[in-house]
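Architecture and fold: a report
Now for the letters of each chain:
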Amino acid sequence: MPNVRLAVVIPVYNEEANLPLLMQRLLPVMQGLGKSFEIILIDDGSRDNSLEILKGFTRNSEVKIVELTRNYGQHAAIMAGFSITKADIVITIDADLQNPPEEITNLVRVMEEGNYDVVGTIRKGRKDSFLRILPSKIVNMVARKITGVSMRDWGCMLRAYKLSVVQRMIQCHEHATFIPALATVFAKHVTEIEVAHEERHGGKSNYPLRKLINLQFDLVASFSDLPMKLIMYGGILMSLLGVCFGTFLAIARLAYGARWAAEGIFTLFAVLFVFVGLQFFALGVIGEYIGRIYREVRKRPEYVIEKVHGK
Ligand code: UDP
Ligand code: MG
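One structure accompanies this document, and this report is about it. Computed from a prediction, not measured in an experiment: that's the story for all the values here.

1. Some words on the pattern of salt bridges
Using the criterion set out here, one finds 14 salt bridges in the structure. Measuring nitrogen to oxygen at the nearest pair gives 2.7 Å for the salt bridge that ties Arg 5 to Glu 112. Taken together, the residues span a long stretch of sequence, with Arg 5 in the segment before strand 1 (6–12) and Glu 112 in helix 4 (residues 104–114) at a distance of 107 residues. Residue Glu 112 is classed as partly exposed on the basis of its relative accessible area of 34%. We note a salt bridge from Lys 64 to Glu 38, for which the minimum N-O separation is 3.0 Å. With Lys 64 in strand 3 (residues 63–68) and Glu 38 in strand 2 (residues 37–43), this pair connects stretches of sequence that are 26 residues apart. Note on Glu 38: relative accessible area 4%, which makes it buried.

Right under this line is the structure:
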């Protein structure tokens, strides 16, 4: 389709419960904008009935389905979607209806009026559990520091990108990437608007703690070596504290005798555990980096498209 103005890119992983309502709400919004558009849904190796439902959507000529060979993760899936669009403005949104599709109207308006490269969103009244919000808070803070871009909410995927930014992003063949942060590398004019946030419509979050930690590490590690530096400084600090503590123990022993020192053995254990823990943590972080380097040098594709359905 020539001259498509808008594209909506939606990663889908086991979202059978949400897809029908998603389309039901998204289509009128897009039609209401009065511009040509395409909706690209990427099946990220779903194990439920999502792919069949998606294929059904291709009856609508504006819908394209990208079928991946297996589960590559949300950000790789979005990249796969990016790779097949030529639209002027590309919008990403989650399939679980946590970001109301109705907000797209506003997003596109701000994007066009301000001629921005990227428009992000801030979730107001975020409907997630405390345990999901706390790590986000930390990550937002770290992301602001390391990218130097003062976005308030990095995690919200309801975003609009200019085609130029999208094309520069797909040229970075990185495995572990975090799209909102990557975009800031290529975007000059960036802004954020507030959007409503809803509870997941159906199914459950695809981010158990393990995946969440991995994703947060993607964000931090792909843009800085801050964690490694923190370990170094932390290590130096710990050693200094250790020296102080040792001196204190020696003095206390001289002053109060051996009996006191024997009882102090438990304190020593406590200290030991802290140090051992810290070492394991440090090894873990270094291991993460090495693992990531290994994945990058293997140069496997970040995603493999099995087939694109639709016109
Ligand atoms: N997703 C994906 N691949 C994955 C995990 C998630 O394509 O491996 C999609 C998922 O279908 C949804 C979006 O990414 O559209 C966000 O996932 P989810 O809602 O589970 O994340 P949360 O809102 O809990 O952060
Ligand atoms: Mg969600």
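Here the narrative resumes, following the displayed structure.
2. A word on the coordination of the magnesium ion (ligand 2)
Each protein donor to the magnesium ion (ligand 2) is listed here as Asp 96 (OD) and Gln 98 (OE1); together their distances run 1.9 to 2.0 Å. Residue Gln 98 is classed as buried on the basis of its relative accessible area of 11%.

3. Comments concerning the site of ligand 1
Near ligand 1, the surroundings consist of 18 residues, among which Glu 15, Asp 44, Asp 96, Ser 205 and Asn 206 are the closest. Here an oxygen atom of ligand 1 sits 2.7 Å away from a polar atom, N or O, in the side chain of Gln 98. Contact distances for ligand 1 include 2.5 Å between an oxygen atom and a side-chain N or O atom of Ser 205. Calculation on ligand 1 without its partners gives an accessible area of 530 Å², and the protein chains cover 95% of this total. Among the residues forming the shell around ligand 1, the class breakdown is five nonpolar, six polar and seven charged.

What counts and how
Residues numbered from 1 in each chain as written. Chains lettered and ligands numbered in written order. Predicted model: local features only at pLDDT ≥ 70, side-chain atom pairs only at ≥ 80, totals over all residues. Heavy atoms only, no water. Salt bridge = Lys/Arg side-chain N within 4 Å of Asp/Glu carboxyl O. Helix = DSSP H or I, 4+ residues; strand = E, 2+ residues; numbered from the N terminus. Buried < 20%, exposed > 50% of the residue type's maximum accessible area, 1.4 Å probe, protein only. Donors = N, O, S within 2.8 Å, 3.2 Å for Na, K, Ca; no water. Near = heavy atom within 4 Å. Polar contact = N/O pair within 3.5 Å; in protein donor to acceptor, adjacent residues only side chain to side chain. Areas by Shrake-Rupley, 256 points an atom, 1.4 Å probe, with all protein chains shown as cover. Nonpolar A, V, L, I, M, F, W, Y, C, P; charged D, E, K, R; others polar.

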